[in-house]
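Architecture at a glance
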Amino acid sequence: TTIKCMSNQNLSMSNKIWFSPLNVIYHFKKLESEGKIAPGKKFYRKTCEAFITAISLIGIIKMLGREFWMQIVDDKEGSPDIRTGCYDKKIRGDDFAWQDVEVVTYDDNSPESLVDFLLRTKLSDSKAYDELTTILCHIHKVTYIPPTQELNRRLLAKNPKIKSPIIILGKTDPKKEIYRMAQIYPTVDLDIT
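Everything in this summary refers to the structure shown in the same document. Model, not experiment: these values are computed from the prediction.

Here we take up helix 2 (residues 44–64). In a regular helix each residue adds 1.5 Å, so 21 residues correspond to 30 Å; helix 2 covers 30 Å between its end C-alpha atoms and thus fits that length. Following helix 2 by one or two positions, G65 adopts a phi angle in the positive range, close to 70°.

This is the structure in structure tokens:
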């Protein structure tokens, strides 16, 4: 996999609280069913970013067989939207490694292709995300998505200077909570339902 993490020795965070992704999913669904979070309500966008990241972390946990945690980053920091982390012995003993996540939603308000949407939003020349920031694209509309290898080729052809890993995530059934996730850049990886 191409998930790259930075060790905690370079991490200066004011928020030290980390959540299990299952905890985030449970509370999102509970608050949603109670009507406490909904479009137009305060913090809705932020809670959706946390929910989508939690779903992706469940896929990564299933694939890599190790635990991950997440924290919701205050919008006052600007970037990232969410921070994820795990213990990674490859870095140094029991060091906690973290990864920044920028979430973007491809929905009915996005008329262009998925690749063009990504290039216009999170991968535009005005953005400067590095290889330690994952772009997580939530596909929230019924649409045809080309095969992951084709998406990878299109991204490389249109902007070979992209540094950030790119992961797409979308529901595979409109009525069930079943998602498919795949990394489409820099390589095709992490493909799981």
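Evaluation of the coordinates by the stated rule reveals 16 salt bridges. For D75, the salt bridge is made with K46, and the minimal N-O distance between the two is 3.0 Å. Linking D75 in the loop between strand 2 (69–72) and strand 3 (82–87) with K46 in helix 2, this pair joins segments that are 29 residues apart in sequence. For D75, a relative accessible area of 43% translates into the label partly exposed. The partner of E112 in a salt bridge is R120, with the nearest N and O atoms 2.5 Å apart.

This next bit is on the nonpolar core. F51, M70, L136, L169 and M181 are the most contacted members of the largest nonpolar core, which totals 26 residues. Looking at this core element by element, the count peaks at nine residues for helix 2. Leaving out residues up to four positions away in the same chain, L169 has contacts with I52, I55, S56, L136, C137, H138, I139, Y179, R180 and M181. Ranked by size, the runner-up nonpolar core spans 20 residues in total, among them L114, V115, F117 and I162.

This part covers the packing of aromatic side chains. Per the stated rule, a full pass over the model turns up six aromatic pairs. Their ring planes at 75° and their centres at 4.9 Å tell us that W18 and F96 sit as a pair that is edge-to-face. Pair noted here: W18 is in the loop between strand 1 (6–7) and helix 1 (21–33) and F96 is in strand 4 (residues 96–107), with a separation of 78 residues, a long-range link. Aromatic side chains W69 and Y87 sit 6.1 Å apart centroid to centroid with 80° between the ring planes, which places their arrangement in the edge-to-face category. Note that W69 is positioned in strand 2 and Y87 in strand 3, a separation of 18 residues in sequence. In this structure an aromatic cluster arises from ring pairing among W18, W69, Y87 and F96. Above the ring of W98, the side-chain terminus of R83 is found at 5.4 Å from the ring centroid. Between K141 and the ring centre of Y106, over which it is positioned, the NZ or CZ distance is 4.3 Å.

Reading guide: rules and limits
Residues numbered from 1 in each chain as written. Predicted model: local features only at pLDDT ≥ 70, side-chain atom pairs only at ≥ 80, totals over all residues. Heavy atoms only, no water. Helix = DSSP H or I, 4+ residues; strand = E, 2+ residues; numbered from the N terminus. Expected span 1.5 Å × (residues − 1). Salt bridge = Lys/Arg side-chain N within 4 Å of Asp/Glu carboxyl O. Buried < 20%, exposed > 50% of the residue type's maximum accessible area, 1.4 Å probe, protein only. Core = buried A, V, L, I, M, F, W, Y, C linked by side-chain atoms within 4.5 Å. Contact = heavy atoms within 4.5 Å. Phe/Tyr/Trp six-rings, centres within 6.5 Å; stacked < 30°, edge-to-face > 60°. Lys NZ or Arg CZ within 6 Å of the ring centre and 35° of its normal.

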